[in-house]
Amino acid sequence: MIILNWGILGAGNISSQFVNDLILNNKRETEYKHVIRSIGCSSIEKGEKFINFDSDSNYGVTPIVETYDNFYKNDNIDVVYIGTPHTFHKEQVINCLNNNKHVLCEKPFTVNKSDAEELLRLAKEKKLFIMEAVWTRFFPAIAELKKKIAEGAIGKPYRLFADLSYNANVESLPTYSRVRDRRLAAGALLDIGIYPITYSRILLDDKLGKDHTKFDVKSFLTIDETDQVDHLGSIIIKYQDGKHAVLTSSELINGPSAYVRLEGSKGHIEMYSDNPAAARHFKIFDINGKEIYEFKDDSGYKGFIYEANSVADDIANGRLENSIIPQDETLLVMDILDHIRKENNLVYDQDK
Ligand SMILES: NC(=O)c1ccc[n+]([C@@H]2O[C@H](COP(=O)([O-])OP(=O)(O)OC[C@H]3O[C@@H](n4cnc5c(N)ncnc54)[C@H](OP(=O)(O)O)[C@@H]3O)[C@@H](O)[C@H]2O)c1
C-alpha cells in the first residue's frame, strides 16, 4: 500500500477532474491511497464548494481550504498538484519547491523552455520530485497501442494525423478568459496543440528527451487580430527516418471524431475520445480497411489516476523524476513550442 498526501493548488476546472479520479480510486480496492489534505484557493468559500466529496471517500480526512501562502507552509502535504493557468506555474512551482514539496504541474509546464529549465534546476537543487502532468502518456491504451505497433499490427508506420480542436465559441468569451487573454499565455498551441505534438512524440519515436530521434518542424499559426494569440494552428514534423506527423489544433472548430490516425504499410490505427487528451479507445484496421482489433478503457476513470499512481510510485521509491515523462522530454516539447511560436512571431510577456 502506497500512501500519498496531496495538496491541490487552484480550485478550478482541471483540479476538480483530477480530484474526482483520486476520490473514485479511494472508493475502490487499490494499492494506492491518495489522501487529499488541502485545497489552496484564492477564496475560502470557493474552495469549500470545491470539496464535493465526503471524508469517507478520503480515508476519513476532510481537506482544509487555505490561502496560497498557508498552503505552501502546510507540512501535511507531500506533493502539490498545480491546476492553474500556465502563466502562474513558474511562481507557484518555486513556492512549492522552496517549501519542500514535490510537484505535479499541469501542462504546459511553463510558458517557455527557459522558465522550465529554471524550475527543473531548482527541483534538482532541492532534491524534490517534479513532473509535468502530461496525463495522456499514462493511459493503459497508450501502452497497448505501443505494444501493437511494435508487434507490427500496421506494418511500418509512415504518417500520423493528430488533432485537438474544439469550438470554444471564442467570440462569446470575455477577453479576460484564459482561452483569449494574452496575459494568461492564451492560444491553442500551448493549451491544446501540445497534445497532437505529444502524440507524435509517443507514436513516432520510441526514444525520449535528449535521446530523441532527430526531426524538423514547420508550422503555421493564425494569429487572431483582436486577441493577438493563435486559435488555429498546423504543424508538420518530419523525423530523420522519414516519418511525417501532421498536427492540428484549434479553438474555432470541432475536430474529427478519429482524432488520431496512424498510417502504416499494412494498415492503420484510429483513436476516438470525447477528449483527445484522454487516450481511451482505439481500433486497428488492416490494409483493406477491415477492423482487426479494438481496445476500450472502461475503467470509469477520467484518466488522471494513471499519472497520479505513477507519481505515487516515484515518490514512494525516492525517485525525483518520472520515466514515462522524464524532465528532458518536457524540455524537448517546450523547445518545439518555442520554435513554433518563433516561426510565427507569437511572443508572450514571459519571453521578454
Ligand atoms: N490535463 C488536461 O487535459 C487539461 C485540461 C484543461 C486544462 N489543463 C491545464 O490546467 C491548467 C488550468 O486550466 P483550467 O481549465 O483548470 O483553468 P481554470 O479553471 O480557468 O483555472 C484554474 C484555477 O486557476 C486560478 N486562476 C484562473 N485564472 C486566474 C487568474 N486570472 N488569476 C489568478 N488565478 C487564476 C484559479 O484558482 P483559485 O481556485 O485559487 O481561484 C482557478 O480556479 C492550465 O495550465 C491548462 O493548460 C489541462
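Residues numbered from 1 in each chain as written. Predicted model: local features only at pLDDT ≥ 70, side-chain atom pairs only at ≥ 80, totals over all residues. Heavy atoms only, no water.

1. Quick look at the side chain of Ser 200
For step 1, the next point in the chain: Considering the arrangement of structural elements, one finds Ser 200 in helix H7 (residues 188-204).
For step 2, the next point in the chain: Not counting the four nearest positions on each side in its chain, Ser 200 is found in contact with Leu 160, Asp 205, Ile 237, Tyr 239, Ala 245 and Leu 247. (Helix = DSSP H or I, 4+ residues; strand = E, 2+ residues; numbered from the N terminus. Contact = heavy atoms within 4.5 Å.)

2. Observations concerning the site of the ligand
For step 1, the next point in the chain: Taken together, 24 residues lie around the ligand, and Ala 11, Asn 13, Ser 42, Lys 46 and Tyr 68 are the ones closest in.
For step 2, the next point in the chain: A distance of 3.5 Å is found between an oxygen atom of the ligand and a side-chain nitrogen or oxygen belonging to His 89.
For step 3, the next point in the chain: At 3.1 Å from an oxygen atom of the ligand is found a side-chain nitrogen or oxygen belonging to Asp 191.
For step 4, the next point in the chain: If the ligand stood free it would expose 890 Å²; the protein chains cover 77% of that surface.
For step 5, the next point in the chain: Mapped onto the shell around the ligand, the elements with two or more residues apiece are helix H1 (13-26), helix H4 (86-98) and H7.
For step 6, the next point in the chain: For the shell around the ligand, the element with the highest residue contribution is H4, accounting for three residues.
For step 7, the next point in the chain: Looking at which domains feed residues into the shell around the ligand, each of domain 1 (2-133 + 304-320) and domain 2 (137-299 + 333-351) gives three or more. (Near = heavy atom within 4 Å. Polar contact = N/O pair within 3.5 Å; in protein donor to acceptor, adjacent residues only side chain to side chain. Areas by Shrake-Rupley, 256 points an atom, 1.4 Å probe, with all protein chains shown as cover. Domains from an automatic or database assignment.)

3. Brief notes about unusual backbone geometry
For step 1, the next point in the chain: With an omega of -20°, the peptide bond running from Lys 107 to Pro 108 counts as cis.
For step 2, the next point in the chain: Backbone geometry at Tyr 59 places phi at a positive 55°, although glycine is not the residue there.
For step 3, the next point in the chain: Of note, Tyr 59 is situated in the loop between helix H2 (44-50) and strand E3 (64-66).
For step 4, the next point in the chain: Classification of Tyr 59 by relative accessible area gives partly exposed; the value is 30%.
For step 5, the next point in the chain: Within the chain, Asn 169 stands out as a residue other than glycine whose phi angle is a positive 50°.
For step 6, the next point in the chain: Along the polypeptide, Asn 169 turns up in the loop between strand E7 (157-165) and H7.
For step 7, the next point in the chain: You can call Asn 169 partly exposed: its relative accessible area is 47%. (Buried < 20%, exposed > 50% of the residue type's maximum accessible area, 1.4 Å probe, protein only.)

4. Some details on the UniProt feature "domain: Gfo/Idh/MocA-like oxidoreductase N-terminal" (unreviewed entry) in the protein
For step 1, the next point in the chain: Here, the residues flagged by UniProt with the feature "domain: Gfo/Idh/MocA-like oxidoreductase N-terminal" (unreviewed entry) are residues 4-131.
For step 2, the next point in the chain: Secondary structure content for residues 4-131 is 42% helix and 23% strand, and the end C-alpha separation is 15 Å. (UniProt positions renumbered as here; feature names shortened; annotations may be inferred.)

5. Re the side chain of Asn 58
For step 1, the next point in the chain: Relative to the assigned elements, Asn 58 resides in the loop between H2 and E3.
For step 2, the next point in the chain: Beyond its immediate chain neighbours, meaning those up to four positions away, Asn 58 contacts Ile 23, Asn 26, His 34, Val 35, Ile 36, Phe 53 and Pro 63.

6. Overview of the domain arrangement of the protein
For step 1, the next point in the chain: Here the protein is described as being made up of domain 1 (2-133 + 304-320) and domain 2 (137-299 + 333-351).
For step 2, the next point in the chain: A separation of 26 Å is found between the C-alpha centroids of domain 1 and domain 2.
For step 3, the next point in the chain: Listed per partner, the contact involves 19 residues of domain 1 and 20 residues of domain 2.
For step 4, the next point in the chain: Across the contact surface, domain 1 and domain 2 share two salt bridges.
For step 5, the next point in the chain: Salt-bridge contacts for Asp 335 lead to Lys 113; the nearest nitrogen and oxygen are separated by 3.6 Å.
For step 6, the next point in the chain: Remark: the boundary between domain 1 and domain 2 carries eight residue pairs in polar contact (both at pLDDT 80 or more).
For step 7, the next point in the chain: Within the residue set of the side of domain 1 that touches domain 2, elements represented by two or more residues are H4, helix H5 (113-126), strand E6 (130-133) and helix H8 (304-316).
For step 8, the next point in the chain: For the side of domain 1 that touches domain 2, a count of residues per class yields eight nonpolar, five polar and six charged. (Salt bridge = Lys/Arg side-chain N within 4 Å of Asp/Glu carboxyl O. Nonpolar A, V, L, I, M, F, W, Y, C, P; charged D, E, K, R; others polar.)

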